[in-house]
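Spelled out, the chains give:
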Amino acid sequence: MISHHPITLNPRGRGYHIITDEVLSGVGTLPKTGLMNIFIQHTSASIMINENYDPTVREDLEESFNRIVKEDEPWYKHTAEGSDDMPAHIKGAMIGFSISLPIENGKLSLGTWQGIYLCEFRNAPSARKLIVSLYT
Amino acid sequence: MISHHPITLNPRGRGYHIITDEVLSGVGTLPKTGLMNIFIQHTSASIMINENYDPTVREDLEESFNRIVKEDEPWYKHTAEGSDDMPAHIKGAMIGFSISLPIENGKLSLGTWQGIYLCEFRNAPSARKLIVSLYT
Amino acid sequence: MISHHPITLNPRGRGYHIITDEVLSGVGTLPKTGLMNIFIQHTSASIMINENYDPTVREDLEESFNRIVKEDEPWYKHTAEGSDDMPAHIKGAMIGFSISLPIENGKLSLGTWQGIYLCEFRNAPSARKLIVSLYT
């Protein structure tokens, strides 16, 4: 049995944001046993798992991916939507747009140091739409 | 209930190709509510989601990943299968080989600007095998 | 129907390790038709698919990701847990923490050259916890 739960995340500025609580409260009671798939309906923001404790991890993630995928490369052709747009699609290709997580005993089976991240690659904050699917 | 649908994609040259229609026609009628998992049975081509509209996005993806993961690095040891092979495995590690997508009202719940991509990392075109799994 | 199978992997040193057999023996008999989701409960080790034959592929993967994501960058802020820790989180963001694989005729539908990898990004070997979920 599969149920889909659309969630619209509050707009956030560019950066790496932990959204575990927003996802959980958007979905409501979890099944006792199951899986959760999280899908983001965009191509310039990603969903991932990463470290949930030290805020400097999020700052270092932002800086690292900005250095690996630079803005304003002279050979970019897709430039009409702003200097942050093509890098957003490349970062999205690397980090991805869907993850699947086990649910045991009515809880997400995240490791101690794991949180769910929204990676916002655009400068302008915008509401981002997720579809959280539960299957049991 | 799970059903598997093997699809052999037409051979394409190196690059980033939108295959949404080929996947959908290979699977047939979608269930009203469910999930689709797409798995590619190769390690030098990836499946991903990305922008479905401007062809220059695909050209910039090709150029970007070629610059992040270079060919002919003097320290590569796995060189027997050609200069495009080891970079293919590295790009594949980054972009990935499986994605999961929600199905609502008999349609894939893709965002407006999202398409399904085959990322072909090898120069020589070859048929690529997918297994598309539907669960309801 | 979903069943979860926790697996504790033997500690391995930093590098790229094929764990297909360890996953399969930890799960036991596979269903005739289904899907397997593998989730790793850590943020400094990844699960992925890659080439299963030539050991130099694993050496080149280690070297490549070490060059793309360097240690001891002077601008890293998250340094308290060692010089291999922040790079581990960045590599993990790229490679990912969950994959989904089809099961047909009681076997994983891996391609001929595909294996399941543990990517261990930390220098110190430690036991890594997976949750392997089967759904039928």
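It should be emphasised that the depicted structure is a prediction, and the values quoted were computed from it without experimental measurement.

Novice: Explanation requested: the relation of the copies chain B and chain C in the structure shown.
Specialist: Mapping chain B onto chain C leaves a residual RMSD of 0.0 Å; the transformation is a rotation of 120° accompanied by 0.0 Å of translation along its axis. When the rotation and shift are considered jointly, the pair of chain copies conforms to a three-fold rotation axis. Residues of chain B ranked by C-alpha distance from the rotation axis are headed by B:Met94, positioned 3.1 Å from it. The fraction of interface residues of chain B whose copies in chain C are also interface residues is only 15%, indicating that the copies meet through different surfaces.

Novice: When you look at the packing of aromatic side chains in this model, what are you seeing that I'm missing?
Specialist: Residues and elements named next belong to chain A. Throughout the structure, instances matching the rule amount to 15 aromatic pairs over all chains. Geometrically, the ring pair formed by Tyr 53 and Trp 113 is edge-to-face, given 5.8 Å between the ring centres and 75° between the ring planes. Residue Tyr 53 is located in the loop between strand 4 (45-51) and helix 2 (55-68), and its partner Trp 113 is located in the loop between strand 6 (107-108) and strand 7 (114-120); the two are separated by 60 residues in the primary sequence. In this structure an aromatic cluster arises from ring pairing among Tyr 16, Phe 65 and Phe 121.

Novice: Can you help me understand the pattern of salt bridges in this one?
Specialist: In total, this model carries 24 salt bridges over all chains according to the counting rule given. Across the pair B:Arg67 and B:Glu63 runs a salt bridge whose closest N-O atoms are separated by 2.7 Å. Residue B:Arg67 and its partner B:Glu63 are both found in helix 2 (residues 55-68); the two are separated by four residues, about one turn of the helix. Judged by relative accessible area, which is 30%, B:Glu63 ranks as partly exposed. Between C:Arg122 and C:Asp84 there is a salt bridge, with its nearest N and O atoms 3.1 Å apart. Taken together, the residues span a long stretch of sequence, with C:Arg122 in the loop between strand 7 (114-120) and strand 8 (126-135) and C:Asp84 in the loop between helix 2 (55-68) and helix 3 (85-95) at a distance of 38 residues. Of the residues examined, C:Arg122 reaches a relative accessible area of 18% and is grouped as buried. For C:Asp84, a relative accessible area of 7% gives the class buried. Three or more residues joined by partner-sharing salt bridges are found here, namely A:Arg14, A:Glu62 and A:Glu71.

Novice: I would appreciate a short explanation of the nonpolar core in the present structure.
Specialist: Across soluble globular proteins, you tend to see nonpolar side chains buried next to one another. By size, the foremost hydrophobic cluster in this structure holds 70 residues, and its most contacted members are A:Met36, B:Met36 and C:Met36. If we ignore the near neighbours within four places in the chain, the residues touching B:Met36 are B:Val23, B:Val27, B:Leu30, B:Ile99, B:Ser100, B:Leu101, B:Ile103, B:Leu108, B:Val132, B:Ser133 and B:Leu134.

Novice: Got a minute to help me understand the pairing of strand 5 (residues 98-104) of chain C in this structure?
Specialist: Every regular strand shows the same layout, with side chains that alternate between the two sheet faces. All names here are of chain C. Counting buried positions over the seven residues of strand 5 gives five, a clear majority of the element. Strand direction decides the pairing type here: strand 3 (residues 34-40) and strand 5, joined by six bridges, are antiparallel. Residue pairing for strand 5: Leu 35 is matched across the bridge by Pro 102. Relative to strand 6 (residues 107-108), strand 5 runs antiparallel, the two sharing two bridges.

Novice: Looking at this structure, how should I read the relation of the copies chain A and chain B?
Specialist: Mapping one chain copy onto the other needs a rotation about an axis and a shift along that axis. Overlay of chain A on chain B (RMSD 0.0 Å): rotation 120°, translation along the axis 0.0 Å. Looking at chain A, a mere 15% of its interface residues are interface residues in chain B too, so the copies touch through different faces.

Novice: I'm lost on the sheet that holds strand 3 (residues 34-40) of chain A in this one. Help?
Specialist: As a general point, the strands of a sheet are linked pairwise by backbone hydrogen bonds and lie either parallel or antiparallel. Residue and element names in this part refer to chain A. If you trace the five strands from one edge of the open sheet to the other, you get 1-8-3-5-6, paired in antiparallel fashion. In the strand order of this sheet, the two ends are held by strand 1 (2-12) and strand 6, each with one partner. Of the strand pairs in this sheet, strand 3 and strand 8 (residues 126-135) are connected by six bridges, and their pairing is antiparallel. In the strand pairing of strand 8, Asn 37 is matched with Ser 133. Helix 1 (residues 20-27) rests against strand 1, strand 3, strand 6 and strand 8 of the sheet, and its axis sits at about 135° to strand 1.

Novice: Is there a simple way to think about the packing of helix 2 of chain B against helix 3 (residues 85-95) of chain B in this case?
Specialist: Between two packed helices, both the angle of their axes relative to each other and the distance between the axes serve to describe the pair. Residues and elements named next belong to chain B. In the contact formed by helix 2 and helix 3, the axes pass within 10 Å of each other and the chain directions differ by 110°. Classified by the angle between their axes, helix 2 and helix 3 sit roughly perpendicular to one another. Relative to helix 3, the crossing made by helix 2 is right-handed. When helix 2 is examined against helix 3, the residues Phe 65, Asn 66 and Ile 68 are found in contact with a partner set consisting of Lys 91, Met 94 and Ile 95.

Novice: Help me understand helix 2 of chain C in this model?
Specialist: In an α-helix, one full turn covers 3.6 residues, which means residues spaced three or four apart are oriented alike. Between its terminal C-alpha atoms helix 2 of chain C stretches 21 Å, which fits the 20 Å expected from 14 residues at 1.5 Å a residue. All of the buried residues in helix 2 of chain C are C:Thr56, C:Val57, C:Arg58, C:Asp60, C:Leu61, C:Glu62, C:Ser64, C:Phe65 and C:Ile68.

Novice: What's the story with the state of the cysteines in this structure? I'm lost.
Specialist: All told, the structure shown has zero disulfides over all chains when counted by the stated rule. A:Cys119 takes part in no disulfide bond, and the closest cysteine sulfur to it belongs to B:Cys119, at a distance of 18 Å.

Novice: Please clarify how the sheet that holds strand 7 (residues 114-120) of chain B should be interpreted in this entry.
Specialist: All names here are of chain B. With antiparallel pairing, three strands are arranged side by side in an open sheet as 2-7-4. Two strands in the sheet have a free side with no partner beyond their single neighbour: strand 2 (15-18) and strand 4 (45-51). For this sheet, the mean inter-axis angle between neighbouring strands, taken without regard to orientation, is 35°. Bridge count between strand 2 and strand 7: four bridges; the pairing is antiparallel. Residue pairing across strands places Tyr 16 opposite Cys 119, the latter belonging to strand 7.

Definitions and cut-offs
Residues numbered from 1 in each chain as written. Chains lettered and ligands numbered in written order. Predicted model: local features only at pLDDT ≥ 70, side-chain atom pairs only at ≥ 80, totals over all residues. Heavy atoms only, no water. Least-squares fit on C-alpha atoms with pLDDT ≥ 70 in both. Contact = heavy atoms within 4.5 Å. Phe/Tyr/Trp six-rings, centres within 6.5 Å; stacked < 30°, edge-to-face > 60°. Helix = DSSP H or I, 4+ residues; strand = E, 2+ residues; numbered from the N terminus. Salt bridge = Lys/Arg side-chain N within 4 Å of Asp/Glu carboxyl O. Buried < 20%, exposed > 50% of the residue type's maximum accessible area, 1.4 Å probe, protein only. Core = buried A, V, L, I, M, F, W, Y, C linked by side-chain atoms within 4.5 Å. Pairing = 2+ DSSP bridges. Axes fitted to C-alpha atoms, helices over the stretch in contact; angles between N-to-C directions. Parallel < 35°, antiparallel > 145°, perpendicular 65-115°, else oblique. Left-handed = near helix turned anticlockwise from the far one by under 90°. Expected span 1.5 Å × (residues − 1). Disulfide = S-S within 2.5 Å.

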